[in-house]
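What the coordinates show
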Amino acid sequence: MPNPHAAQTAPGVASAPPPELSTVWLRTFLDVARHGSFTVAARELGWTQSAVSRQIAALEAALGGAPLFDRLPRGVRPTAQGRALLPHAEEVMSRLHAMARELTALRDAAGGLLRVGAFATADAGLVPRAIAGFRARHPGVTLTREEGLTPALLSRLAEGELDVAVVSTTGGSLAGPGSGSGAAYELHHLLDERLYVALPAGHALAGEPELTLRGLAGEEWISGSPSVEGSLLEPALRHGFRPHVAHVVAEWTAKQGYVAAGLGVALVPALAAEGVRPDIALVPVRDEDVPPRAVYAATARGRAPAPAVRPFLGALRRAVR
């Protein structure tokens, strides 16, 4: 329903476009109004008095020709038109100064927003350490974090919904949008983490210095996926056996509870090993059986990164232990 109080334009008469104004004119106008003098304004701006007069004349012409200042015996005073312009000019210049401050803060990573995604085990220690180190250096940046699987994180990165994604080569390859030579993302290597098998503390193999994957073929497994393909257990297929996944448990703390209760064994990446409970034994799996998985920070290719991205990559590298 039309607003009955809205200003009406006569039929067939187009509304006048806003005037094209120079910020230099507005700044000059404000200086003259503040000092009540063309001479003092010129001295502050480092110009001649005639240059100030030309700027004010140009502003008056752009606004319809009405004078903005009355010339007095000593100095000048804003006219009615000048007094009407004054709050608008102040607001425009204030917004421009605020814009400059915000852009400077972004450039210096002293402000703005940084959106970070990470896979679950990176959130066990690596990412929190990086965030703490980053915030100590850049407290003005607003950082948001979300957790997900590597393919989903890379998709969100490609769609412009994340600035940095901490991802891994779980399952043997790094799949995602545009993977390969035309990848939509760039990878920054952080570390290669070896894998451990988590066993109940009383398990017969708990005291071994190292285990082979084939030597665990008869065990029941606790995994985050019912499918071996694409999981940490996928290398077992290359060793001639398919692990029996007895329990599907997504969360690492819950997996530990199942292992401690003697319901199976689980592969644990080094990033998750920091918080393993004391009634579980961790034994390294031989690298030839399960090669270390690579962990990367991924950033979007072909887009100007947020200024905070580079210092956050530095924080991730410092957080690697």
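Residues numbered from 1 in each chain as written. Predicted model: local features only at pLDDT ≥ 70, side-chain atom pairs only at ≥ 80, totals over all residues. Heavy atoms only, no water.

Right, let's talk about the overall build of the protein chain for a bit. Helix and strand counts for the protein chain come out as nine helices and 12 strands. Relative to its 321 residues, the protein chain shows a buried fraction of 39%. Long-range pairs, those at least 24 residues apart, make up 70% of the contacts in the protein chain between residues at least 6 apart in sequence. (Helix = DSSP H or I, 4+ residues; strand = E, 2+ residues; numbered from the N terminus. Buried < 20%, exposed > 50% of the residue type's maximum accessible area, 1.4 Å probe, protein only. Contact = heavy atoms within 4.5 Å.)

Of the strand pairs in this sheet, strand β3 (residues 113–118) and strand β4 (residues 142–147) are connected by six bridges, and their pairing is parallel. Bridge pairing links Arg 115 to Thr 144 in β4. In this view, the connection linking β3 to its parallel neighbour β4 by way of helix α5 (residues 126–137) has right-handed handedness. In this structure, β3 lies alongside strand β5 (residues 164–168), joined through three bridges in parallel fashion. Across the sheet, residue Val 116 finds its bridge partner in β5, namely Val 164. (Pairing = 2+ DSSP bridges. Right-handed = clockwise from strand over helix to strand, strands pointing away.)

Attention now goes to the sheet that holds strand β11 (residues 280–284). Hydrogen bonding along the main chain pairs the strands of a sheet, whether they run parallel or antiparallel. What the three strands build is an open sheet, ordered β10-β7-β11; its pairing is antiparallel. Single-partner strands in this sheet number two, and they are β10 (266–269) and β11. If you compare each strand with its neighbour and ignore which way they point, the axes differ by 40° on average. Bridge count for strand β7 (residues 195–200) against β11 is five bridges, and the pairing is antiparallel. (Axes fitted to C-alpha atoms, helices over the stretch in contact; angles between N-to-C directions.)

So, about the packing of aromatic side chains. Throughout the structure, instances matching the rule amount to three aromatic pairs. Taking the centre distance of 6.0 Å and the plane angle of 75° together, the rings of Phe 38 and Phe 69 count as edge-to-face. Of this pair, Phe 38 sits in helix α2 (residues 38–45) while Phe 69 sits in strand β1 (residues 69–71), and the two are 31 residues apart along the sequence. Considered together, Phe 38 and Phe 69 belong to a single accessibility category, that of buried residues. Counting every residue linked through ring pairs, the aromatic cluster contains Phe 29, Phe 38 and Phe 69. It is Lys 255 that lies over the ring of Trp 252; its NZ or CZ is 3.8 Å from the centre. (Phe/Tyr/Trp six-rings, centres within 6.5 Å; stacked < 30°, edge-to-face > 60°. Lys NZ or Arg CZ within 6 Å of the ring centre and 35° of its normal.)

Summed over all chains, the structure comprises nine salt bridges. Between Asp 31 and Arg 34 there is a salt bridge, with its nearest N and O atoms 2.6 Å apart. Of the two residues, Asp 31 and Arg 34 both sit in helix α1 (residues 23–35), three residues apart, roughly one turn of that helix. Look at Arg 34 and you get exposed, because its relative accessible area is 55%. A salt bridge links Arg 242 to Glu 229; the nearest nitrogen and oxygen atoms lie 2.7 Å apart. Remark: Glu 229 occurs in the loop between β8 (220–223) and α7 (235–238) and Arg 242 occurs in the loop between α7 and β9 (244–248); sequence separation between them is 13 residues. Several salt bridges converge on common partners, so that one network encompasses Glu 146, Arg 156 and Glu 161. (Salt bridge = Lys/Arg side-chain N within 4 Å of Asp/Glu carboxyl O.)

Across the sheet, which stays open at both edges, the five strands sit in the order β4-β3-β5-β12-β6 with mixed pairing between neighbours. Bordering the open sheet on either side are β4 and β6 (185–193), each of which pairs with just one other strand. The mean angle between the axes of side-by-side strands here comes to 20°, regardless of whether they run parallel or antiparallel. Across the sheet, helix α6 (residues 150–158) is in contact with β3, β4, β5, β6 and β12 (293–300); its angle to β5 comes to roughly 155°.

Looking now at the confidence of the model for the protein chain. The predicted coordinates of low-pLDDT regions are not to be read in fine detail. Averaged over the protein chain, the pLDDT score is 86; the fraction of residues at 70 or greater is 88%. Contacts of residues 1–13 to residues separated by more than four positions or lying in other chains number two contacts, the stretch itself having pLDDT below 50. The low-confidence segment residues 176–181, where pLDDT is below 50, has 12 contacts with residues more than four positions distant or belonging to other chains. (pLDDT = per-residue confidence, 0-100.)

Turning our eyes to something else, we now look at helix α3 (residues 49–62). The end-to-end C-alpha distance of α3, which contains 14 residues, comes to 20 Å, matching closely the 20 Å that a straight helix rising 1.5 Å per residue would cover. Burial in α3 covers these residues: Ala 51, Val 52, Ile 56, Leu 59 and Glu 60. One or two steps after α3, the chain reaches Gly 64, where phi turns positive at roughly 110°. (Expected span 1.5 Å × (residues − 1).)

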